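# Structure assessment
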Amino acid sequence: MSDPVAVVRRFNRSYTQRIGVLEESFLGMGMPLGPARLLFEIGEASVPISDPEPASNAGRAPLTTQILRARLGLDSGYLSRLLRRLEADGLINVIPDPGDRRRRQVDLTEAGRERWNELERRSDEQARLIVDPLTRRQRERLARALSEAELLVRAATVTFEPADPASPVARDVVDRYFAEIGRRFGFDPSGETEKDTKLLVPPTGVFVVALSGGEPVACGGLQTIGPVAGGPVADGSDIGELKRMWVHEDWRGAGLGARLLRHLEDQARDLRYSVLRLDTNAALTEAIGMYQRAGYRAIDRYNDNPWATHFFEKDL
């Protein structure tokens, strides 16, 4: 089997050559890849977003330098230099955020929008040069392979950050979790958010959000539920419970759930749990399969959760 590291490096060398990364003027746009990539990101964010309640939104969320830094993974100093270049070229406006003067908002000028449209056109042409020599079947294979590769790379570079369960980002992902399990088996989340703010917090618990480009794509938490009968720890903190495990549907199939589970198990060990338990519902077959593959064994009911049908445990 080929060495994955060698395969990735070979692909990087081949692809960067073919898309013009090595050229001083990327796609003949008069700028190298760095500012061109930043211009693209700003232009993408300038496209109006859809809102299920249009009256509640003026059209799109404002783009800030903080968001750009998170999405592109850029050092703040380097990002500032790129922004100054684009601003000096008359392609963007950078203004203080009215809601927080410490932050800056970024948007395209009219000239910037024209340059962005040209970048889009030339990028499409460059991509066609790659796919046009292929047969229809080869194009379909390439599209499937690159889609999976892109998802796997994104999943591998997701970061896990602790979050306050009462914070906006935590409430957002937990609301999505509640909405999904509500659709799948009718779960009623009444009172659960308030419980989370008391239980999924240090020093005996934790809530974790998985971030990709600053956007939340998964979450999970831990709470203490009691001591192991006859166990060596007498402070009641050696049995933990896994809670709120959720992965965005667009990210499933890339191993992100398994990565998050391993991360939470490491957090559980740091919290001195010797046993980790969880409950789930029969409708969540993918989750049950993941837990079983990770070494969780079925046990008898250990709580009074009326929505739970399956119960698991793992020694840490």
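This section reports on the structure supplied with the text.

### Re the packing of aromatic side chains
Summed over the entire model, instances satisfying the criterion amount to eight aromatic pairs. Aromatic rings pair up to connect Tyr177, Phe178, Phe185, Phe187 and Trp307 into one cluster. When the ring centre of Trp251 is taken as origin, the NZ or CZ atom of Arg154, which lies over that ring, is 4.1 Å away. The positively charged end of Arg277 is found above the aromatic ring belonging to Tyr302, 5.5 Å away from the centroid.

### Digging into helix 8 (residues 192-199)
Within helix 8 the residues assigned to the buried category are Glu192, Thr193 and Asp196. Buried residues along helix 8 cover an arc of 100 degrees about the axis, so they all sit on one side. On its buried face, helix 8 sits against helix 7 (168-185) and strand 6 (239-247).

### Quick notes on the environment of Arg277
Here Arg277 shows up in strand 7 (residues 275-280). Taking the C-alpha atoms as reference, Arg277 lies 9.2 Å from Ile299; in sequence the two are 22 residues apart. If sequence neighbours within four positions are ignored, Arg277 has contacts with Ile225, Ile239, Gly240, Glu241, Leu242, Ile299, Tyr302, Phe312 and Glu313.

Cut-offs and rules
Residues numbered from 1 in each chain as written. Predicted model: local features only at pLDDT ≥ 70, side-chain atom pairs only at ≥ 80, totals over all residues. Heavy atoms only, no water. Phe/Tyr/Trp six-rings, centres within 6.5 Å; stacked < 30°, edge-to-face > 60°. Lys NZ or Arg CZ within 6 Å of the ring centre and 35° of its normal. Buried < 20%, exposed > 50% of the residue type's maximum accessible area, 1.4 Å probe, protein only. Helix = DSSP H or I, 4+ residues; strand = E, 2+ residues; numbered from the N terminus. Arc of directions from axis to C-beta. Contact = heavy atoms within 4.5 Å.

Function cannot be read off these values alone, since they describe shape.
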